[in-house]
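The lines below spell out each chain.
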Amino acid sequence: MPTNTPTLQEKFVPPSLDLPWEQDIIALRRDFHTHPELGYEEVRTAGIVAERLRALGLEVRTGVADTGVIGLLRGGKSGPTILVRADMDALPVAEANAWEWKSSTHGKMHACGHDAHMATALTVARLLAQEKEDLAGTIKFMFQPAEEGLGGAKRMIEEGLLDDPRPDYALALHVWSDVEVGKVALKTGPVMACADAFTARIVGKGGHGAIPQQTIDPVVIASQIVLALQTTISRSIDPLQPAVVTVGKVWAGSAFNVIPGEAHLEGTVRSFDEGIRTLLERRCREIVEELPKAFGAKGEFHYERGYPATVNNPQVTEMVQRAIVNELGEDSVIEFTPTMGAEDMSLVLQQVPGCYFFVGGRNPVIDAVYPHHHPQFNIDEKALGIGVRAMIAAVKECLKQ
Ligand SMILES: [Zn+2]
Ligand SMILES: [Zn+2]
């Protein structure tokens, strides 16, 4: 039976923003979406970014941290330097959407929205370049590789990102699946967590599963460690402070009736505060190294610090918020609920006062409801135009300072 119910594809019409660049930004985002590239492999992506920035008359530096691109837009008048950042990498996720513009590479997908960030930043560059002569200051565009865990921002900083000219303010946005399209969410202070990783090895003594008295069973000890690690959150830190310890990987043994010689754990530790971060590292170490001793076993612990917490500067956030309210209206701006996810823009924000804000992409009507990194992740593309307007308003406000 034919029905009049539109398919999801039909419902997904490009938004009309009545802006001259709207079709271009959508085409750009969809092109990036169709051609996802993983961290440090963004060769095609960076090529398009560099070519576009050059065509706009920006000074372009390529090959920063392998595939990163820096574009400098020097305004006609003197003023501060504002860094605007977009990330370029996709994820090793097999896309489960059926859009015409879905990933053409199986097993790779822009499942976090970095395609939208690039399209937005390139459009911001395009619109600001049109009024270059009137701009009082410099805009430094940072297109970074490898945000998803591989540390692209750190390498770009090591390769001179923040030098000559040194940014006075830093801005970035992320499309956000938990925020309704049409809204922009901001918050001063920490918005994303630090993300650390640990491994633990418990060395006991293996033997026959039926003769435990001749062994030191590392599986039983590892099980107690998993539970004891949770007490770091419930007993060692202030209950009003957010933090999480997750053991995501447990492995030991090779047969059901053999007590193995070792057991291994791997996990992640996240919080918003450096003091809590240090405390959790110490408590996890004590548990893994000391608890096995009570059983005659040995515990080895290795802790690796990942991205720090992403912390928004209060003055800059207030400025940006004011600018976005002026541009989009009071109703469009909401307070962001911090997330335990992590982000390496945090490293830039440790050195340059700035604001990292979130542009709503959620719309149940077109099924844009899946979380970031999900195989069906998608955004309402109205977020692109809203992101451009919000970012330009923020840049102009910073230029006034
Ligand atoms: Zn992500
Ligand atoms: Zn992301």
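Refer to the structure presented above.
Before going into details, it helps to say that this report is about the structure given with it. (Residues numbered from 1 in each chain as written. Chains lettered and ligands numbered in written order. Predicted model: local features only at pLDDT ≥ 70, side-chain atom pairs only at ≥ 80, totals over all residues. Heavy atoms only, no water.)

## So, the overall build of the protein
Next up, step 1: When helices and strands are tallied, the protein shows 10 helices and 16 strands.
Next up, step 2: If you line up the protein on its principal axes, its C-alpha atoms span 80 × 65 × 40 Å.
Next up, step 3: Going through the 401 residues of the protein one by one, you find that 52% of them count as buried.
Next up, step 4: At a minimum sequence separation of 6, the contacts of the protein that also span at least 24 residues come to 80%. (Helix = DSSP H or I, 4+ residues; strand = E, 2+ residues; numbered from the N terminus. Buried < 20%, exposed > 50% of the residue type's maximum accessible area, 1.4 Å probe, protein only. Contact = heavy atoms within 4.5 Å.)

## A closer look at the packing of aromatic side chains
Next up, step 1: Overall, the coordinates contain 7 aromatic pairs when judged by the stated rule.
Next up, step 2: Ring centres of Trp 176 and Phe 336 lie 5.9 Å apart, and the angle between their planes is 70°; on these two criteria the pair is classed as edge-to-face. Highlighted residues: Trp 176 in strand β5 (residues 169-180) and Phe 336 in the loop between β15 (333-335) and α9 (345-351), separated in sequence by 160 residues.
Next up, step 3: Judged by centre distance (6.1 Å) and plane angle (35°), the rings of Phe 301 and Tyr 303 are tilted. Exposure class is identical for Phe 301 and Tyr 303. Each is buried. (Phe/Tyr/Trp six-rings, centres within 6.5 Å; stacked < 30°, edge-to-face > 60°.)

## Concerning the sheet that holds β15
Next up, step 1: Spatial ordering of the open sheet is given by β1-β2-β4-β3-β5-β16-β6-β15, a layout of 8 strands whose pairing is mixed. Both outer strands of the open sheet, β1 (59-64) and β15, are each paired with one neighbouring strand and no more. Here the average twist between neighbouring strands, direction ignored, is 25°.
Next up, step 2: Relative to strand β4 (residues 136-144), strand β2 (residues 68-74) runs antiparallel, the two being bridged by 6 bridges. Among the inter-strand pairings, Arg 74 is bridged to a residue of β4, identified as Thr 138. (Pairing = 2+ DSSP bridges. Axes fitted to C-alpha atoms, helices over the stretch in contact; angles between N-to-C directions.)

## Considerations on the coordination of the zinc ion (ligand 1)
Next up, step 1: Binding of the zinc ion (ligand 1) to the protein goes through Cys 112 (SG), Glu 148 (OE), Glu 148 (OE) and His 373 (NE2), at separations of 2.0 to 2.8 Å.
Next up, step 2: With 4 donor atoms in place around the zinc ion (ligand 1) and angles of 51 to 149° between them, the coordination shape is irregular.
Next up, step 3: Each donor residue of the zinc ion (ligand 1) belongs to the same chain, with the gaps between them written as C-x35-E-x224-H.
Next up, step 4: Here the zinc ion (ligand 1) and the zinc ion (ligand 2) are spaced 3.2 Å apart, linked through Cys 112, which binds each one. Taken together, the residues span a long stretch of sequence, with Cys 112 in the loop between β3 (77-87) and α4 (114-130) and His 373 in the loop between β16 (354-362) and α10 (382-399) at a distance of 261 residues. (Donors = N, O, S within 2.8 Å, 3.2 Å for Na, K, Ca; no water. Tetrahedral: all angles 85-135°; square planar, octahedral: opposite > 155°, others 65-115°.)

## So, the coordination of the zinc ion (ligand 2)
Next up, step 1: At the metal site, the zinc ion (ligand 2) is ligated by Cys 112 (SG), His 114 (NE2) and His 174 (NE2), and these contacts range over 2.2 to 2.4 Å.
Next up, step 2: Given the relative accessible area of 7%, Cys 112 is considered buried.

## Regarding the environment of Tyr 40
Next up, step 1: For Tyr 40, the position within the fold is in the loop between α2 (22-34) and α3 (43-55).
Next up, step 2: Each C-alpha atom of the pair Tyr 40 and Asp 344 lies 15 Å from the other, and the pair is 304 residues apart in sequence.

## A closer look at the environment of Ile 26
Next up, step 1: Summarising the element assignment, Ile 26 is placed in helix α2.
Next up, step 2: Placed 355 residues apart in sequence, Ile 26 and Glu 381 show a C-alpha to C-alpha distance of 7.1 Å.

## Comments concerning empty space enclosed by the protein
Next up, step 1: Across all of its chains, the model carries 1 cavity of 30 Å³ or more by this definition.
Next up, step 2: In this structure, the largest cavity occupies an estimated 50 Å³ of space.
Next up, step 3: Around the largest cavity, the lining residues are Val 84, Arg 85, Ala 86, His 117, Thr 120, Ala 121, Leu 173 and Met 391.
Next up, step 4: Mapped onto the lining of the largest cavity, the elements with two or more residues apiece are β3 and α4. (1 Å grid on protein atoms, 1.4 Å probe; cavity = no way out; pocket = protein on both sides within 12 Å on 5 of 7 lines; lining within 4 Å. Points joined across faces, edges and corners; volume = space filled by probe spheres on them.)

## Some thoughts on the packing of α2 against α3
Next up, step 1: Contact geometry for α2 and α3: axes closest at 11 Å, N-to-C directions at 155°. When the interaxial angle is binned, α2 and α3 end up roughly antiparallel. Each of Asp 24, Leu 28, Asp 31 and Phe 32 in α2 lies in contact with α3, whose residues at this interface are Arg 44, Thr 45, Ile 48, Val 49 and Arg 52. (Parallel < 35°, antiparallel > 145°, perpendicular 65-115°, else oblique.)

## A look at the nonpolar core
Next up, step 1: With 66 residues, the main nonpolar core has Phe 141, Phe 143, Leu 171 and Phe 357 as its most contacted residues.
Next up, step 2: The element contributing the most residues to this core is α10, with 11 residues.
Next up, step 3: Core analysis: the next-biggest nonpolar cluster, separate from the first, contains 25 residues, Leu 83, Met 142, Ala 185 and Leu 347 among them. (Core = buried A, V, L, I, M, F, W, Y, C linked by side-chain atoms within 4.5 Å.)

## A short note on the packing of helix α8 (residues 314-328) against α10
Next up, step 1: The contact between α8 and α10 brings their axes to 8 Å, and the two run at 125°. Comparing their axes, α10 and α8 come out oblique. Taken as a pair, α8 and α10 cross one another with a handedness that is right-handed. Between α8, through Val 316, Met 319, Val 320, Arg 322, Ala 323, Ile 324, Glu 327 and Leu 328, and α10, the contact on the second element is made entirely by Ile 386, Arg 389, Ala 390, Ala 393, Ala 394, Glu 397 and Cys 398.
Next up, step 2: By residue class, the composition of the contact of α8 with α10 is 11 nonpolar, no polar and 4 charged. (Left-handed = near helix turned anticlockwise from the far one by under 90°. Nonpolar A, V, L, I, M, F, W, Y, C, P; charged D, E, K, R; others polar.)

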